[in-house]
Amino acid sequence: MSTKNNVLQALNSLKDGEFLSGEELASSCSVSRTAIWKAIKSLQDDGYKIEAVTNRGYRILSVPDKLDSKIISSKLADNGNFGLQVFTFDSIDSTNSEAKRRAVEVGAFRDAAGNLTEKGKAAHLSVFAAESQTGGKGRLGRTFVSTKDCGVYFSLLYSPRGGVKNPALYTAAAAVAVVRAVSKLYGEDSSIKWVNDVFLGGKKICGILVEGIANFETGCIDAAVVGIGINILKNPVLEGEITKIAGSIEEAKSLNGEKMPNISKNDLIAEVVQNLIEFYGAFENSDEKIKSEMIQEYRARSMLTEKSVSVNPVAGTNGESYKAVVKDIDEEMRLVVQTESGEIKKLTSGEVSLHSYDFV
């Protein structure tokens with residue numbers, strides 16, 4: 001065992017209030033005091049907060065919050081979700097990209113009878129989580145900044161029987177899954193900006209990107225890749241105009257004069273995934289009660305209803321931006337708006353931004 005691991009083991013064995021001197025550590029590890037200092041420094045670089053007090057020694061104040069596939073799997077299993085595979089990475093290009101790479105290896109998720117193939121069983125209900133992403137993706141080709149130690153970045157690969165029938169429902173359910181998790185773990189009521197952003201304290205704290213895996217033989221969407229990025233702590237990398245839009249749970253808490261609770265990233269991921277599986281299972285099993293509850297919660301959390309907005313069609317499509325008032329979100333998760341001329345439109349795509357004007 002390395003000196004670093006020996007030091008960590010020794011410090012972890014201490015009771016509350018106890019310290020271990022450098023001399024004691026050097027003696028127990030059979031190394032020099034200099035080697036102990038280097039081991040302490042290395043542990044601090046890894047994220048351990050170690051207090052050093054003259055004439056007393058060292059003790060651990062807190063351990064780093066690192067992703068752990070076993071912990072996430074265990075928490076999900078505690079809620080009845082057995083056999084779910086969790087893969088964690090220190091850094092990756094994109095968890096969505098990794099999920100899609102895994103899907104390519106699978107080929108067909110289900111056979112002609114709708115049963116999972118052997119490879120499909122190994123990939124269905126897989127979670128891919130990373131400490132950071134070098135190429136985090138948002139909607140419409142945008143980048144999602146995924147800095148280490150600032151948030152959680154993960155994707156769920158899910159293949160329902162009969163394929164993905166309504167992709168918009170999967171996106172909406174992901175937003176509600178995040179809202180519920182933030183409420184339960186952090187005690188904060190967040191809101192949803194159609195179709196896939198979660199806001200807290202007036203700023204975006206979560207982005208969601210749902211991508212489909214197509215089966216070219218059947219023409220169906222075999223599986224969904226549900227990518228979620230949640231900003232937990234203030235990101236020092238962000239600066240300029242983007243800080244007016246992007247925020248974090250920590251910043252929202254500080255606005256209310258509250259301290260951040262000590263919630264593990266593993267707990268947050270497990271809670272969101274648990275919610276996702278409940279919703280997606282309900283869609284797959286035609287559970288109208290849970291589906292209806294999800295839609296009603298999405299509507300109740302909408303930050304756009306009865307607000308004046310500017311509607312911008314997706315780039316590459318025909319149409320110019322126009323002003324409207326958001327009236328509702330229907331059962332198909334379409335945004336129902338009323339234009340200045342009184343026309344009612346139901347939007348399945350596009351970008352919507354809040355406006356300061358009103359009209360009758």
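Look above for the structure.
Residues numbered from 1 in each chain as written. Predicted model: local features only at pLDDT ≥ 70, side-chain atom pairs only at ≥ 80, totals over all residues. Heavy atoms only, no water.

**Side note on helix H9 (residues 265–284)**
Item 1. With 20 residues, H9 should reach 28 Å at 1.5 Å per residue; the first-to-last C-alpha distance of 28 Å fits that figure.
Item 2. Within H9, 18 of the 20 residues are buried, which leaves the element mostly enclosed by the surrounding structure.
Item 3. The N-cap residue of H9 is Ser-264: its side-chain oxygen and the backbone nitrogen of Asn-266 are 3.0 Å apart.
Item 4. Residue Ser-286 follows H9 closely and has a positive phi angle near 55°. (Helix = DSSP H or I, 4+ residues; strand = E, 2+ residues; numbered from the N terminus. Expected span 1.5 Å × (residues − 1). Buried < 20%, exposed > 50% of the residue type's maximum accessible area, 1.4 Å probe, protein only. Polar contact = N/O pair within 3.5 Å; in protein donor to acceptor, adjacent residues only side chain to side chain.)

**Section: the sheet that holds strand S6 (residues 191–193)**
Item 1. In spatial order, the strands read S3-S4-S5-S9-S8-S7-S6; together these seven strands make up an open sheet with mixed pairing. The sheet terminates laterally at strand S3 (85–89) and S6, the two strands that pair on one side only. With strand direction ignored, the average angle separating the axes of adjacent strands in the sheet is 20°.
Item 2. Direction of pairing for S6 relative to strand S7 (residues 197–200): antiparallel, over a ladder of three bridges. Its bridge partner lying in S7, Lys-193 is registered against Asp-197. (Pairing = 2+ DSSP bridges. Axes fitted to C-alpha atoms, helices over the stretch in contact; angles between N-to-C directions.)

**Focus on the sheet that holds strand S12 (residues 335–339)**
Item 1. In space, the five strands of this open sheet follow the order S13-S12-S11-S10-S14, with antiparallel pairing throughout. Because the sheet does not close on itself, it has two edges, and the strands there are strand S13 (344–347) and strand S14 (351–354). This sheet shows a mean twist of 45° between the axes of neighbouring strands, independent of strand direction.
Item 2. In the sheet, strand S11 (residues 322–329) pairs with S12 via five bridges, with the strands oriented antiparallel. Within S12, the residue paired with Val-326 across the bridge is Val-337.

**Observations regarding the pattern of salt bridges**
Item 1. Summed over all chains, the structure comprises 25 salt bridges.
Item 2. Here Asp-93 ties to Arg-101 by a salt bridge, and the two come within 3.1 Å at their closest N and O atoms.
Item 3. For Arg-101, a relative accessible area of 37% gives the class partly exposed.
Item 4. Taken together, the salt bridges that share partners define one network made up of Asp-93, Glu-98, Arg-101, Arg-102 and Glu-105. (Salt bridge = Lys/Arg side-chain N within 4 Å of Asp/Glu carboxyl O.)

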